[in-house]
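# Coordinate inspection notes
The primary structure of each chain is shown beneath.
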Number of protein chains: 2
Amino acid sequence: MPAIQPCAPAKSGEDTGSAGCRFAKSEERTSHDQFRRGNRRLLAQGSLNLKLAQALEKLAAGKLVFDYVDIGDLPAYNDDLWVNPPASVLRMKEQVAKADGLLMLTPEYNRSYAGILKNAMDWGSRPYGQGVWQGKATAVAGTSPGSIGAAVGQARLRADLASLSTVLAPSPR
Amino acid sequence: MPAIQPCAPAKSGEDTGSAGCRFAKSEERTSHDQFRRGNRRLLAQGSLNLKLAQALEKLAAGKLVFDYVDIGDLPAYNDDLWVNPPASVLRMKEQVAKADGLLMLTPEYNRSYAGILKNAMDWGSRPYGQGVWQGKATAVAGTSPGSIGAAVGQARLRADLASLSTVLAPSPR
């Protein structure tokens, strides 16, 4: 799940704060290689959606900075863990909270999206009043081998993102 | 996710084979306590759905034998792992394959069901041609605090179970 950060013509590397456009500092930006290592439990070696993300990142070069969010190491959602939240959960929530927008990519599994993405959405929605999704500009894309690609999976994801009160971009689809 | 095994008046502890009614052998049956320990990463201490499962098990005493399936230790779905499948995946698939029926319980998270249940469904549907869901008699229940309980989450789960070609019981809801 890349978190899109608009790349505006301002001082490079400067954090303009939560109210303005935020820029990824070079030392905190996640490279593809770091992402692949971090996600080795999650991503298949030939992940089509990672390739899609990288292609979109290239297309957006100079306009958007992509910060890849690792969701493969999130535990199964459990309310009890908020007493001492897992580092993976705090890191994911912070990356999402800081981003100016989100691009969620998913394969299609069984006419829906990947289950672990829903697990990440559940973590990000809690604790009550401290969710990171509400009002976040969000776009959805995805692919899978086969003629319909991830068309149905994306539609299901869009429905669940509406429940999270994200602001959904009408495209891509 | 309890896997329901009809308890018919036959020799106790006998495995009647995959074609007939199967009985949980006492040494392989998962007790509540074992389930709670195994699922400590998954289940909240006061899990309402575990309580619901236990209440249903009591109501079905003498008719059905419940075998609890741990899905909290399944890794994020990754096609690459089939080369050397995780023990947790093989155990889950075997429990489901052996059961005469399934009862899936879920809380409602963000107007759908728990993401990790979808992750378990994805694992159980693969490799191609070796899925465990097709034709399996399946019922859905669930609860959450609040006036609608898990009504919407259950509806979403039922839709995804249809995609898995389970045979869905019309109730409970």
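Here the structure is a predicted model, which means the values were calculated and not measured.

## Regarding the overall build of chain A
Along its length, chain A carries five helices and five strands. Walking chain A from its N terminus toward its C terminus, one meets helices and strands in the order β-α-α-β-α-β-α-β-α-β. Burial analysis of chain A (173 residues in total) assigns 47% to the buried set. Put simply, of all contacts in chain A between residues at least 6 apart along the chain, 72% involve residues at least 24 apart. Accessible surface for chain A amounts to roughly 8,300 Å². Of this, 54% is attributable to carbon and sulfur atoms.

## Overview of the interface of chain B and chain A
Between chain B and chain A, the contact holds 29 residues from the first and 29 residues from the second. Buried area between chain B and chain A, both sides added, is near 2,300 Å², and the carbon and sulfur share of it is 45%. Counting every contact that joins chain B to chain A gives two salt bridges. One salt bridge in this structure joins D160 of chain A and R156 of chain B, with 2.8 Å as the shortest N-O distance.

## Section: the relation of the copies chain B and chain A
Superposition of chain B onto chain A requires a rotation of 180 degrees combined with a translation of 0.0 Å along the rotation axis, giving an RMSD of 0.0 Å. Such a combination of rotation and displacement between the chain copies is what one expects of a two-fold axis. Among all C-alpha atoms of chain B, that of G115 of chain B lies closest to the rotation axis, at 2.4 Å.

## What to know about the UniProt feature "domain: NADPH-dependent FMN reductase-like" (unreviewed entry) in chain A
Per the UniProt entry, the sites bearing "domain: NADPH-dependent FMN reductase-like" (unreviewed entry) are residues 45-170 of chain A in this numbering. For the annotated span residues 45-170 of chain A, helix accounts for 37% and strand for 13% of the residues, and the straight-line distance between the end C-alpha atoms is 30 Å.

## What about the packing of helix α5 (residues 151-163) of chain A against helix α5 (residues 151-163) of chain B?
Contact pair α5 of chain A / α5 of chain B: the axes reach a minimum separation of 14 Å and the direction vectors enclose 175 degrees. What the angle tells us is that α5 of chain A and α5 of chain B run roughly antiparallel. Facing α5 of chain A, whose interface residues are R156, A159 and D160 of chain A, α5 of chain B presents R156, A159 and D160 of chain B. Counted by class, the contact of α5 of chain A with α5 of chain B contains two nonpolar, no polar and four charged residues.

## Quick notes on empty space enclosed by the protein
Per the counting criterion, the structure on display carries one cavity of 30 Å³ or more. Put simply, the largest cavity is a space of about 70 Å³. Considering the residues around the largest cavity, the lining is formed by 13 residues, among which S112 and Y113 of chain A together with Y113, K118 and D160 of chain B are closest to the centre. Listing elements by their share of the lining of the largest cavity, those giving two or more residues are α4 (115-124) and α5 of chain A together with α4 (115-124) and α5 of chain B. Residue composition of the lining of the largest cavity, by class: three nonpolar, four polar and six charged.

Definitions and cut-offs
- Residues numbered from 1 in each chain as written.
- Chains lettered and ligands numbered in written order.
- Predicted model: local features only at pLDDT ≥ 70, side-chain atom pairs only at ≥ 80, totals over all residues.
- Heavy atoms only, no water.
- Helix = DSSP H or I, 4+ residues; strand = E, 2+ residues; numbered from the N terminus.
- Buried < 20%, exposed > 50% of the residue type's maximum accessible area, 1.4 Å probe, protein only.
- Contact = heavy atoms within 4.5 Å.
- Areas by Shrake-Rupley, 256 points an atom, 1.4 Å probe, with all protein chains shown as cover.
- Buried area = accessible area lost by both parts, 1.4 Å probe.
- Salt bridge = Lys/Arg side-chain N within 4 Å of Asp/Glu carboxyl O.
- Least-squares fit on C-alpha atoms with pLDDT ≥ 70 in both.
- UniProt positions renumbered as here; feature names shortened; annotations may be inferred.
- Axes fitted to C-alpha atoms, helices over the stretch in contact; angles between N-to-C directions.
- Parallel < 35°, antiparallel > 145°, perpendicular 65-115°, else oblique.
- Nonpolar A, V, L, I, M, F, W, Y, C, P; charged D, E, K, R; others polar.
- 1 Å grid on protein atoms, 1.4 Å probe; cavity = no way out; pocket = protein on both sides within 12 Å on 5 of 7 lines; lining within 4 Å.
- Points joined across faces, edges and corners; volume = space filled by probe spheres on them.

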